[in-house]
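Examination of the molecular architecture
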Amino acid sequence: AMSPEKAPDDGGDTVGGVRISSPGRVMDEKSGITKLELARYHDAVSGWFMPYAANRPLALVRCPQGNAEQCFFQKHRMQGVGPHVGQARAGDQQVLHVDDVTGVLELVQFNVVEFHAWGASMRALERPDWLVIDLDPDTALGFARVVEAALEVRDALARLKLKSWVKTTGGKGLHVCVPLKPRAGWATVKAFAHALAQSLAQQDPDRYVATLSKAKRAGKIFIDYLRNGEGATAVLPYSPRSRPGMTVAMPVAWKDLKHVRPQEFTLQTVPGILAKRRSDPWKDFLASPQSLPA
Ligand code: ATP
Ligand code: MN
Ligand code: MN
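Keep in mind the model is a prediction, meaning the values are calculated, not measured. (Residues numbered from 1 in each chain as written. Chains lettered and ligands numbered in written order. Predicted model: local features only at pLDDT ≥ 70, side-chain atom pairs only at ≥ 80, totals over all residues.)

**Structural notes on the overall build of the chain**
Test applied: What counts as a helix is a DSSP run of H or I of at least four residues, what counts as a strand is a run of E of at least two, and both are numbered from the N terminus. Each radius of gyration is computed over the set of C-alpha atoms, and the globule rule expresses the reference value as 2.2 Å times the number of residues to the power 0.38. With C-beta atoms placed from the backbone, a residue counts as buried when 20 or more other C-beta atoms lie within 10 Å of its own, as exposed when 12 or fewer do, and as partly exposed for counts between those limits. By definition, residue pairs are in contact when their C-beta atoms, positioned from the backbone, come within 7 Å.
When helices and strands are tallied, the chain shows five helices and 14 strands. In summary, the chain has a C-alpha radius of gyration of 19 Å against a globular reference of 19 Å for 294 residues, a match within 12%. Considered along the principal axes of its C-alpha atoms, the chain spans approximately 60 × 40 × 40 Å. Counting only residues that meet the buried cut, the chain has 43% of its 294 residues in that class. In the chain, 65% of the contacts between residues at least 6 apart in sequence involve partners at least 24 apart.

**Some words on the site of ligand 1**
The cut-off we apply is this: To decide nearness, the C-beta atom of each residue is placed from the backbone, and the residue is near a molecule or strand if that atom lies within 6 Å of it. Classification convention: Asp, Glu, Lys, Arg as charged; Ala, Val, Leu, Ile, Met, Phe, Trp, Tyr, Cys, Pro as nonpolar; all other residues, Gly among them, as polar. How far each domain reaches was decided by an automatic or database domain assignment.
Surveying the vicinity of ligand 1 reveals 14 residues, the closest of which are His116, Thr169, Gly171, Gly173 and Thr233. Put simply, the parts of the chain that give the shell around ligand 1 at least two residues each are β8 (130-137) and β13 (234-235). The class makeup of the residues in the shell around ligand 1 is four nonpolar, five polar and five charged. Of the domains in this structure, domain 1 (4-118 + 266-276) and domain 2 (130-228) are the two that each give at least three residues to the shell around ligand 1.

**Concerning helix α4 (residues 186-203)**
Definition in use: The span expected for a helix works out to 1.5 Å for each residue beyond the first. What the arc covers is the set of directions going from the helix axis to the C-beta atoms.
Its 18 residues give α4 an end-to-end C-alpha distance of 26 Å, which sits within 8% of 26 Å, the value for a rise of 1.5 Å per residue. Listing the buried residues of α4 in full gives Val189, Lys190, Phe192, Ala193, Leu196, Ala197, Leu200 and Ala201. One side of α4 carries all its buried residues, which in axial view fall inside an arc of 165 degrees. Along α4, the residues that are exposed and aim more than 90 degrees away from the buried face are Ala187, Ala195, Gln202 and Gln203. Buried residues in α4 make contact with β8, α3 (143-159), β11 (208-209) and β12 (221-224).

**Regarding the pairing of strand β3 (residues 58-62)**
As a reminder, the rule being used: Each pair of strands is called paired provided DSSP finds at least two bridges between the two strands.
Within β3, four of the five residues are buried, leaving the element largely enclosed by the surrounding structure. Across five bridges, the pairing between β3 and strand β7 (residues 112-117) is antiparallel. In the sheet register, Ala59 faces β7, and the bridge partner there is His116. Note that β3 and strand β4 (residues 72-74) share three bridges and pair antiparallel. Opposite Leu60, over in β4, you have Gln74 as the bridge partner.

**Things to note about the sheet that holds β11**
Two modes of strand pairing occur in sheets, parallel and antiparallel, and in both the strands are linked by backbone hydrogen bonds. Taken in spatial order, the six strands make up an open sheet running β11-β12-β8-β10-β9-β14, and their pairing is mixed. Because the sheet does not close on itself, it has two edges, and the strands there are β11 and β14 (251-252). Looking at chain direction, β8 and strand β10 (residues 174-179) are connected through six bridges and run antiparallel. Paired with Leu131 across the two strands is Val178, which belongs to β10.

**Topic: unusual backbone geometry**
Positive phi outside glycine occurs at Asn55, with the angle close to 60 degrees. Looking at Asn55, the number of C-beta atoms within 10 Å reads 15, which means it is partly exposed. One non-glycine residue, Met246, lies in positive phi territory at about 50 degrees. Residue Met246 is classed as buried on the basis of its C-beta count, with 26 C-beta atoms lying within 10 Å.

**What about the domain arrangement of the chain?**
As assigned here, the chain comprises domain 1 (4-118 + 266-276) and domain 2 (130-228). Inter-centroid distance (C-alpha atoms) of domain 1 to domain 2 is 28 Å.

Shown next, in the form of structure tokens:
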């Protein structure tokens, strides 16, 4: 079969100067969101998204058949993708990055739905510039329990003089994020995240677990510190997810977290919500790089 990208005149549309073929392809069955709407979303929110997405190694979730079980994770530049999608060496691996919204749209043209990234920039691939504590609740737990966990992680970080920010993932959990001065290496940052996770799990073993083992997670929240190893990724702020309704990973203010319903942040609602926000809850995130305690 002909690949969708190479289809002849299929009513393709242009967004931000990038041609989007098969613009009517449904990328999410639940909402009916199309590939063209996905491209327009990125065109609309690029001022919010690009500060996080630009110039760092990416991992992508591509859904060439639309938003179904055929989606797959990809870390390398695909053949034929536009010139604003860059490739570079990171140690012994190849990484892919974009520097501008054109690159993002070129990836959407290749049916990219989710954007994940390393916690390090292309300028310093060995030195993370943010840390992510990924809170993964057992499926039986309600979101209120995850909120409680995020607030405890925030307080534990604050006791170490570290300021943190929170975002929804578009899924079941939350990510508590700490911007870092790109000084320490991956091993140090991961060891810090691991120690934090272990200390919370030791204090409250009925609620938290810091080991990967699925068997030990029943009824608990896994404090997933493993997002902080070399080559590990986390979903980027404002990235859509290939989940029903096309939810979005959304930065929120700590003070609003208790009232947040993550499923309400979708590709269709987020541009309007952003337009109405009086301030950016992550305004100071990138301007507040911190050092880990010794
Ligand atoms: P949720 O809130 O539902 O947990 P999440 O984005 O945190 O959403 P996780 O399963 O906890 O999902 O995954 C955390 C991160 O690990 C993802 O954001 C992604 O960057 C990375 N990841 C997940 N699945 C894969 C995969 N198959 N290959 C590579 N990295 C992955
Ligand atoms: Mn998670
Ligand atoms: Mn996880």
